[in-house]
Structures are given as C-alpha cells and as structure tokens.
Amino acid sequence: MIQKIRIFNYLCIYDMTIDLTCADLRKPPHYEDYEMLLYVQQGKRKTRNNRIVPVLSLYGANASGKTTVLKAVMQLQSIVAGGLISGSFQPNRIKLYPQENRYTEFEIEFWKHGDKYDYLLKYDNERIVKELLRKNETDIFVVENNTICQLSDVDTERPYIEKEYRTRCINITNSCQIKSFLSEITRAYPGTSLSMSLALDYLLNGIMVLADNRIEVWTGINKLASVYRSDLTEEERVDRAVKEIVEYLGKLDSGIVALDYHKEYYSSEPMGKILSSNVNADPDRLEIIEKDRFIANSVTSIHKSETGNDVRFKLSSESKGTKLLMGLLGVLLYSIKSGKTILVDELDESMHSLLLIQLVRLFKEKRLNNCSQIIFTAHNTDLIAADLLSLYEIGIVRYDKKQGSCFSRLADNLEAKSSRNIRKLYLDGYFGGIPFPFV
C-alpha cells in the first residue's frame, strides 16, 4: 500500500505531497468488529504512523492538477521500466524557480510484506540525477551523479554491480545515467537483493494506473481471471471471472443476468479477412498479441424478458455507463483480490452516484479488502455526502498560480472536522478546489 507520494516540478505541480496515513485518528472502541475499514494497519509493529487509508478521493476543479497526480505515477513507472526517453522531462513552466531546482523529483513510500520502502527518482532533461531505495529507514542503495554512493543488502560483489551499472545504465554518448539502477541491476542479477526485487515488483506490478477508466469488458474479465487458482484451466478461470462480475452486476441493478464471452485466435491473416469472417469482430475488439497474430473478443449480454426468456444483446447495444461498469468491475475486483493499489481517473464518469458509492465501498469492506487501495479523481459530490469516507480519505486539489497545484485533506481542516455537512461547505468554496464560473 502507498503511504506517501511526493511530486516536485512536474507539469502543473511545483511541489506536492500526498499523505495517505491517518496517524492522529483515534482507534474507535471495538474497531475489530467494524464492517468498514477506517484504515489498514501496516508494519510488524502496530503504530499509529503505520495506519494507511484504503481509499483516497481527489476532488478539484477542472485543470486543477488531479489527473497530473496519476500521470506522475505513470511517468515514474515508465522511467523505472524503460529509462529516460525524449519528452520525459516535463517541468512546471508557470512558476519561476532557481537554476539549481531545474529537475523533476518523484518519491513514493509504500509497504510490502510488512516492510516500509522509500523510492526516490530525480532527473532532468539529460540524466537521472539521483536514485535511492530505502527499506525501514535503512538505505539499500543510493546512486547520485553517476556514482554508486551506497550499496547494502546485496549478495553480488560490488565490482560486478558497478560494472553492470556502467554498462546498462550509463549513456556512452554523454556519460549520463539514463536507465534505472533498480530495474537494470535487478534484471541483471535477479537474486542479488530480495529488497530490490520486491520494490521493483511493487512499483511496476503492484501499482496499476488507469489514466482512462474506459476499460474494455474483456480486459476486466481476463484481469480478474488471472487471480484464480493456477490449477484451473484458462477456460475455467475465465468462466469463474464472468460469473463473479455478473453476480456484482446483479447487485448493482444492471438488469444483466449473464455474459457470454469468448475469444478466437487468428494468425497470419489480413485484418480485413478477420473482420469479414467474424460478425462479432471489429477493430476495437481486436487485440494484437504479436505480429500477424490477433485475438478477436466477443461479449454478449443477456437480459430476461417479461416472460422469463433470455434476451441477448451485442455489447454495442449496452449504454456507455453499463460498459464502463462491466470493465471497471473486473479490474477493481482484480485489484482487491491481488492486493494492488489502483489509481483511476474520473471514476465517476458516466456512473450514477449510487453505483459510484458501491464501487468505492468494495475497498472499504473488511470482508473483501485485506491490503488493496484505490486512489481516484472525481467530481460527483454525492460520495462526500454518503457517510462512507472519512475526512482522511477526501483530498482537495486546487491550482495556485504561485504555488502550482496544491493538495490537502479535509482532515487537515478544523472547520471540516466540526461540520455535519461537508458537501455543502465544499461546494460553497470553504476548502477551495472548486471553479468560480461566471457566464
């Protein structure tokens, strides 16, 4: 689970820290018997500082910087996975800053198997200036200005690490680091450091960012199917995923009683021939898995007629909101079952407010959620009024010309703590993060 995200000098953000702890929240009496999660306790020592919220909603006006938070996490993942590329450096161009601050810095604190990790990446237009990994307040490695300054908890001798670092991470044309030390060394020596392996796995696989919540239905089905027992066949896992999604669709009053999903594989055939031979295939339903090899997905929704007979509809006949709901359900359930942190932009798009509340509720239910987490942007304020989220789980992003995008939580506001109508105060502008339109 993520405990903190810090973003410095990236797009509209100059310096923002997003805190997901609730250290000053008093533990309610008999909290163990609560059905809803206020926080998830992390760490081997149960302290207040290790209490992490399972949900963080980001509210704010359009162009306030909410989506930029998600983009920053995606950018961090991209650099860790593939290194710096042209266009990686996208600093804040509104605020004037000193020459020595002309760099971008991402820092993320997270928990994995009871240990707290802190990963920092600092870069400019040409190079990775600094990279650091810390575990339980102890540095695993520090690489700064093309030099390995600190290296511990590794089973491979340092000369080999340094040679691999120069070979894999340094650009020979300008002698600057452009590849991630964490990624390249872990791949070169998979068993050299368990801490580095776990950190890399979490950064690339434990965090899932949906910059666009338009998840295809089959993507959600296949994601959810991947968490079921490995001794099941692929067909059995998919069938189980479809049934679970349909079960939740029924609870959400969608009218869908079943889904018919299948996929067909095609090799070395022109796309036109595929389309003409399969009436269920269209370009949006084709997944390219490798050169000249495709998967054609077909999904049919089944409703009940007045007489109780099955009525089949092509997926294209369903509303935009229903299709979004079906895709999101698969991915959200996948996130919960696999213990991942998922970031979703505009979770409330084309979604009725009552359905939005129930989707967020999935991450608040103790019986469902062990250590998964959702961070999302939204505009629908019915969620604020639903008495589902704590003040620690409602964040406000506002834009200031001098400071760039700023973040705060309602828990930091004394007026919010004493008010019974948080939604009205927010819409009245007491916390900022709203537009002030005039036509």
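Residues numbered from 1 in each chain as written. Predicted model: local features only at pLDDT ≥ 70, side-chain atom pairs only at ≥ 80, totals over all residues. Heavy atoms only, no water.

**Things to note about the packing of aromatic side chains**
- Taken as a whole and judged by the stated rule, the model has 12 aromatic pairs.
- Seen in terms of ring centroids, F8 and Y103 are 5.2 Å apart; in terms of plane orientation they differ by 35°. Their pairing is tilted. Here Y103 lies in the loop between α1 (66-82) and β6 (104-112) and F8 lies in strand β1 (residues 2-10), a separation of 95 residues in the sequence.
- Classification of F8 by relative accessible area gives buried; the value is 5%.
- Owing to a relative accessible area of 15%, Y103 belongs among the buried residues under this scheme.
- Three or more aromatic residues joined by ring pairs make a cluster, and in this case those are Y10, F89, F106 and Y123.
- A cation over an aromatic ring shows up here: K122 above the ring of Y103, its NZ or CZ 4.1 Å from the ring centre. (Phe/Tyr/Trp six-rings, centres within 6.5 Å; stacked < 30°, edge-to-face > 60°. Helix = DSSP H or I, 4+ residues; strand = E, 2+ residues; numbered from the N terminus. Buried < 20%, exposed > 50% of the residue type's maximum accessible area, 1.4 Å probe, protein only. Lys NZ or Arg CZ within 6 Å of the ring centre and 35° of its normal.)

**Some thoughts on unusual backbone geometry**
- You will see that H30, though not glycine, has its phi angle at about 60°, which is positive.
- Among the structural elements, H30 can be located in the loop between β2 (13-19) and β3 (40-41).
- Of note in the backbone geometry, E137 takes a positive phi value of approximately 70° without being a glycine.
- Structurally, E137 can be placed in the loop between β8 (128-135) and β9 (138-144).

**Brief notes about the pattern of salt bridges**
- Tallied over the entire structure, the rule returns 31 salt bridges.
- Put simply, R134 and D139 hold a salt bridge, and the shortest N to O gap is 2.8 Å.
- Judged by relative accessible area, R134 falls into the partly exposed class, the value being 23%.
- Accessibility expressed as a relative area gives 24% for D139, which makes it partly exposed.
- In this structure, R423 engages D382 in a salt bridge whose closest nitrogen and oxygen atoms are separated by 3.0 Å. Within this pair, whereas R423 is found in helix α11 (residues 422-427), its partner D382 is found in the loop between β19 (373-377) and β20 (394-400), the two being separated by 41 residues in sequence.
- Taking relative accessible area as the criterion, D382 reaches 25% and is therefore assigned partly exposed.
- Several salt bridges share partner residues, and in doing so they unite K4, E109, K116 and E137 into one network. (Salt bridge = Lys/Arg side-chain N within 4 Å of Asp/Glu carboxyl O.)

**Considerations on helix α5 (residues 217-225)**
- Of all the residues in α5, the buried ones are V217, W218, G220, I221, L224 and A225. Buried residues along α5 cover an arc of 160° about the axis, so they all sit on one side. (Arc of directions from axis to C-beta.)

**Overview of empty space enclosed by the protein**
- According to the stated counting rule, one finds one cavity of 30 Å³ or more in the structure shown.
- Estimates place the volume of the largest cavity at around 40 Å³.
- Lining the largest cavity are I5, R6, I7, A72, V73, L76, F106, E107 and I108.
- Grouping the amino acids of the lining of the largest cavity by side-chain chemistry returns seven nonpolar, no polar and two charged. (1 Å grid on protein atoms, 1.4 Å probe; cavity = no way out; pocket = protein on both sides within 12 Å on 5 of 7 lines; lining within 4 Å. Points joined across faces, edges and corners; volume = space filled by probe spheres on them. Nonpolar A, V, L, I, M, F, W, Y, C, P; charged D, E, K, R; others polar.)

**Some points on the side chain of E107**
- Inspection of the secondary structure puts E107 in strand β6.
- Although E107 is buried, it makes no salt bridge; K4 carries the closest opposite charge, 4.3 Å away.
- Non-local contacts of E107, meaning those with residues more than four positions away in its chain, are made with K4, I5, R6, D118, Y119 and L120. (Lys, Arg positive; Asp, Glu negative; His and termini not counted. Contact = heavy atoms within 4.5 Å.)

**Some thoughts on the nonpolar core**
- Of all hydrophobic cores here, the largest spans 65 residues; its most connected members are I108, Y119, Y123, L133, F141 and F181.
- With seven residues, α1 is the single largest residue contributor to this core.
- Apart from the residues lying within four places of it in its own chain, the contact partners of Y123 are Y10, Q75, I79, L84, S88, F89, Y103, T104, F106, I128 and V129.
- Counting residues in each nonpolar core, the second largest holds 61 residues, with M36, I215, L388 and F431 among its members. (Core = buried A, V, L, I, M, F, W, Y, C linked by side-chain atoms within 4.5 Å.)

**Some details on helix α6 (residues 234-251)**
- Across its 18 residues, α6 extends 26 Å between first and last C-alpha, which sits within 8% of the 26 Å expected from 1.5 Å per residue.
- Regarding α6, the residues found buried are R237, V238, A241, V242, E244, I245, V246, Y248 and L249.
- Looking one or two places after α6, you find D253, whose phi comes out positive at around 60°. (Expected span 1.5 Å × (residues − 1).)

**Here we look at the pairing of strand β18 (residues 341-344)**
- Side chains T341 and L343 of β18 all project onto a buried face; the interleaved residues I342 and V344 project onto the opposite face, where all are buried too.
- Pairing analysis gives four bridges linking β18 to β19, with the strands arranged parallel. Looking at the pairing, L343 lines up with I375 of β19. (Pairing = 2+ DSSP bridges.)

**What to know about the packing of helix α8 (residues 320-338) against helix α9 (residues 353-364)**
- Two elements in contact, α8 and α9, have axes whose closest approach is 10 Å; the angle formed by their N-to-C orientations is 15°. The orientation of α8 relative to α9 falls into the category roughly parallel. Of the two possible hands of crossing, α8 and α9 adopt the one that is right-handed. Touching L325, L329, L332, S335 and I336 of α8 are L355, L359, L362 and F363, all from α9. (Axes fitted to C-alpha atoms, helices over the stretch in contact; angles between N-to-C directions. Parallel < 35°, antiparallel > 145°, perpendicular 65-115°, else oblique. Left-handed = near helix turned anticlockwise from the far one by under 90°.)

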